[in-house]
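The residues making up each chain are set out below.
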Amino acid sequence: MINELKIISREPGGLVLLIILPYFIAGGMAFIASFFTKITSNVFIRQFVGFEVLMLSMIMVQTGARFLNEERNGGRLEFLLASPTSMYVILLGTSMVMIIVDIGAFTIASLPLLYLNYGLIGMIRLTIALLLLFIGLLPLYGLGLLMSGIVIKLKDADTIMNIVTPILTILSGATYPIYVLPWWIKDLIYVLPMYITFSSMYMEIMGNTGLSLILNLILSAIIYLLLGVTAYASFEKEIKRGGV
Amino acid sequence: MQASKRRLRGAVFREIYVETIRGLRLLFSKPSSIIINVLTAPLWLAFFILTLRGFGVLTLGRQILQLFLWAAYAFALYSSWLWGFGHGIIEESYEGVLENVMAVVSNILDHIIGWGLAYAIYTLLDLAALILSFYLIFGLIIELHNIPLFVLSIVLASLQLLLISTIYVMLVIRFRSSWVITNIMQFLMPALGGLIPSEAGKYILLLNEYSPIAYPFVIMREAALGYLEVPIPIVFQVIYSVITIMMLLVLTIILVWLFDRRLRIEGKLGLT
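What this report covers is the structure whose coordinates are included nearby. If you're wondering where the values come from, they're calculated on a predicted model, not measured in any experiment.

Each value, and the rule that gives it
- Residues numbered from 1 in each chain as written.
- Chains lettered and ligands numbered in written order.
- Predicted model: local features only at pLDDT ≥ 70, side-chain atom pairs only at ≥ 80, totals over all residues.
- Heavy atoms only, no water.
- Helix = DSSP H or I, 4+ residues; strand = E, 2+ residues; numbered from the N terminus.
- Rg over C-alpha atoms; globule rule 2.2 N^0.38 Å.
- Buried < 20%, exposed > 50% of the residue type's maximum accessible area, 1.4 Å probe, protein only.
- Contact = heavy atoms within 4.5 Å.
- Areas by Shrake-Rupley, 256 points an atom, 1.4 Å probe, with all protein chains shown as cover.
- Lys, Arg positive; Asp, Glu negative; His and termini not counted.
- Charge placed at Lys NZ, Arg CZ, Asp CG, Glu CD.
- Polar contact = N/O pair within 3.5 Å; in protein donor to acceptor, adjacent residues only side chain to side chain.
- Core = buried A, V, L, I, M, F, W, Y, C linked by side-chain atoms within 4.5 Å.
- Buried area = accessible area lost by both parts, 1.4 Å probe.
- Salt bridge = Lys/Arg side-chain N within 4 Å of Asp/Glu carboxyl O.
- Nonpolar A, V, L, I, M, F, W, Y, C, P; charged D, E, K, R; others polar.
- Expected span 1.5 Å × (residues − 1).
- Bend = angle between axes of the 7 residues up to and from the residue.
- Axes fitted to C-alpha atoms, helices over the stretch in contact; angles between N-to-C directions.
- Left-handed = near helix turned anticlockwise from the far one by under 90°.

## Thoughts on the overall build of chain A
Helix and strand content of chain A: nine helices and zero strands. Secondary structure elements in chain A, listed N-terminal to C-terminal, are α-α-α-α-α-α-α-α-α. Whereas a compact globule of 244 residues would reach a radius of gyration of roughly 18 Å, chain A reaches 19 Å, a difference of no more than 12%. Overall, chain A is about 60 × 45 × 35 Å in size when its C-alpha atoms are taken along their principal axes. Counting every position in chain A, which comprises 244 residues, the buried fraction comes to 54%. Pairs at least 24 apart in sequence give 75% of the contacts found in chain A among residues at least 6 apart. Surface summary for chain A: the accessible area is close to 11000 Å², and the carbon and sulfur share equals 71%. Computed over 14 positive and 13 negative side-chain charges, the separation of the two mean positions in chain A equals 3 Å.

In structure tokens:
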């Protein structure tokens, strides 16, 4: 974790970008939309949270796979697999750093917006929303493990990510009303963790958290972590047998 | 003397030709990624439109969709040139590939122009992917009122972006976190460079009228949609655009010469 933190801190610009990018994207979209309709502060906050959740989700899903891809390209994957430390610990360490960085970036980015709109009560809601974000990033870590397994098996991170990223983006349901979609896409969105994370955080920020949403989020964390661990274990076993 | 000049010119063209072919082979070496880019473009477009719905935009007229198409193409061009072309050269520099290139090419500008020509051809795929996406999602068939002017606008836009990306690369090649600057640039530059149609408001109209880098993209929309977006005759818009490109070319030649000299004399390559 410390190693990964050192690597990330070498590029402070990246951290700044993580904070300002949601403003660029949500602001840009709001600018375009403002030619057709009036954008209220509540709508902007909902979209801002949606873009934040979407962006952090993509980072979480890709972190492990990108890390393993870089290690393989650098010829270090064999040593990592042979080391006594479990790959789960290594991947968890890498992803935990991303979770900390992501939550930090979300806090800094959202603070001014929520304070200006909701005052001090907004800060309390933000604290709970951050906890929900933490829980929401865990199933994404599980998905990330699954992606890591697929990447080291198929040996082409870029192609896989280029396919997975737009599909997950559109299935996030975080920046648009999902009722406009056909039922089978809606069901897929409900099953994936991004929408539950976004909904529970947004509802909390609005002061209407439902317990069922939080329970869904926890359940989703358990299921996706189990899925990720099992899938990755099977891929790793295959790789250890067949070679990197 | 004349013969030696001709030989030199011939050698330069040969070098540019070789670099272009090399660039094209490199860009088309992964057909799977090209297919994926074309196939995923409609998904990105659908996401964009759904997000507008999230902001409360319920209907979009045909004219608006045509404007969106050209705005999306302009954004794709800016993004592709900065990321694909610009960062390609930055990566070459960091990984030491530029040293090898410099050993076989007499001037680094030949490499840049050759690679740029290959990239300009490659970016036509972006246009194809967008036209296909708009057709699949909205059933939109593009309008092209003045095809020669439209082709000219693509040439002007590509030349301008080649030069801007090269200047950008020369300036940031030694910076860390250049990808961060690129990320910010890809949002800021298009806004200043004609991405937003003038119909969006009077300030945008002023921006498009007075920003010298906006003209190729404004001309592109004017050629496609068949009406003047800024109150300047089209001939003058083309002339202003050519003058801007000439000025950018001079700046690029100076910067590349300085960069080339620094690399050859001081040997400061890679991350040094």
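That was the structure; now back to the text.
## Topic: the overall build of chain B
Scanning chain B for helices and strands turns up 11 helices and zero strands. Relative to the globule expectation of 19 Å for 272 residues, the C-alpha radius of gyration of chain B, 20 Å, shows essentially globular dimensions. Taken along the three principal axes of its C-alpha coordinates, chain B extends 60 × 40 × 30 Å. The buried share among the 272 residues of chain B stands at 51%. Counting contacts in chain B only where the partners sit at least 6 residues apart, residues at least 24 apart contribute 78% of the total. Charge centroids of chain B, computed over 18 positive and 15 negative side chains, lie 6 Å from each other.

## What to know about the side chain of Thr175(A)
Of note, Thr175(A) is situated in the loop between helix H6 (157-170) and helix H7 (183-191). Note on Thr175(A): relative accessible area 0%, which makes it buried. In this structure the side chain of Thr175(A) is engaged in a polar contact, spanning 3.0 Å, whose partner is the side chain of Thr51(B). Not counting chain neighbours up to four residues away, the residues in contact with Thr175(A) comprise Gln47(A), Gly50(A), Phe51(A), Phe47(B), Leu50(B), Thr51(B) and Gly54(B).

## Some words on the nonpolar core
By size, the foremost hydrophobic cluster in this structure holds 162 residues, and its most contacted members are Trp70(B) and Met220(B). If one sorts the elements of this core by residue count, helix H5 (residues 87-154) of chain A sits on top with 29 residues. The contacts of Trp70(B), once residues within four sequence positions are left out, are Leu127(B), Ile142(B), Glu143(B), Leu144(B), Phe150(B), Met220(B), Arg221(B), Ala224(B) and Leu225(B).

## Let's talk about the interface of chain B and chain A
Contacts between the two partners involve 31 residues from chain B, matched on the other side by 40 residues from chain A. Interface of chain B and chain A: buried area, both sides summed, is about 3000 Å²; carbon and sulfur atoms make up 79% of it. It is Phe47(B), Leu50(B) and Phe55(B) in chain B that bury the most area against chain A; as a group they hold 24% of the surface buried on that side. Joining chain B to chain A, the criterion identifies zero salt bridges. One can count two residue pairs in polar contact (both at pLDDT 80 or more) joining chain B with chain A. Of all the elements in the fold, those that place two or more residues in the side of chain B that touches chain A are helix H2 (31-54), helix H3 (62-94) and helix H8 (178-192) of chain B. If you tally residues by element for the side of chain B that touches chain A, the top one is H2(B), at 13 residues. Across the side of chain B that touches chain A, the residue classes tally to 21 nonpolar, seven polar and three charged.

## Describing the pattern of salt bridges
Residues and elements named next belong to chain B. The full count for this structure, using the stated rule, is two salt bridges over all chains. Across the salt bridge formed by Glu-19 and Arg-22, the nearest N and O atoms sit 3.5 Å from each other. Here Glu-19 pairs with Arg-22, and both are found in helix H1 (residues 2-27), just three residues apart, close to one helical turn. Residue Glu-19 is classed as buried on the basis of its relative accessible area, which comes to 7%. Residue Arg-221 is joined to Glu-229 by a salt bridge in which the shortest nitrogen-to-oxygen separation is 2.7 Å. Look at Arg-221 and you get buried, because its relative accessible area is 1%.

## Topic: H5(A)
What sets the pattern is the α-helix's 3.6 residues per turn: residues three or four places apart point alike. Residue and element names in this part refer to chain A. An ideal rise of 1.5 Å per residue puts 100 Å on 68 residues; H5 reaches only 18 Å between its terminal C-alpha atoms. The largest bend along H5 measures about 135° and falls at Tyr-118. Looking one or two residues beyond H5, the residue adopting positive phi is Lys-155, at roughly 60°.

## Quick word on the packing of H3(B) against helix H10 (residues 215-225) of chain B
Packed helices, taken two at a time, are described by their axes: the angle between them and the distance between them. Residues and elements named next belong to chain B. Look at H3 against H10: their axes get within 11 Å of each other, and the N-to-C directions meet at 145°. For the pair H3 and H10, the sense of crossing is right-handed. Across the interface between the two elements, Gln-63, Gln-66, Leu-67, Trp-70, Tyr-73, Ala-74, Leu-77 and Tyr-78 of H3 pack against Phe-217, Met-220, Arg-221, Ala-224 and Leu-225 of H10. Residues that form the contact of H3 with H10 fall into these classes: 10 nonpolar, two polar and one charged.

## Let's talk about the environment of Ile113(B)
Of note, Ile113(B) is situated in helix H5 (residues 108-122). Separated by 49 residues in the primary sequence, Ile113(B) and Leu162(B) place their C-alpha atoms 8.0 Å from one another.

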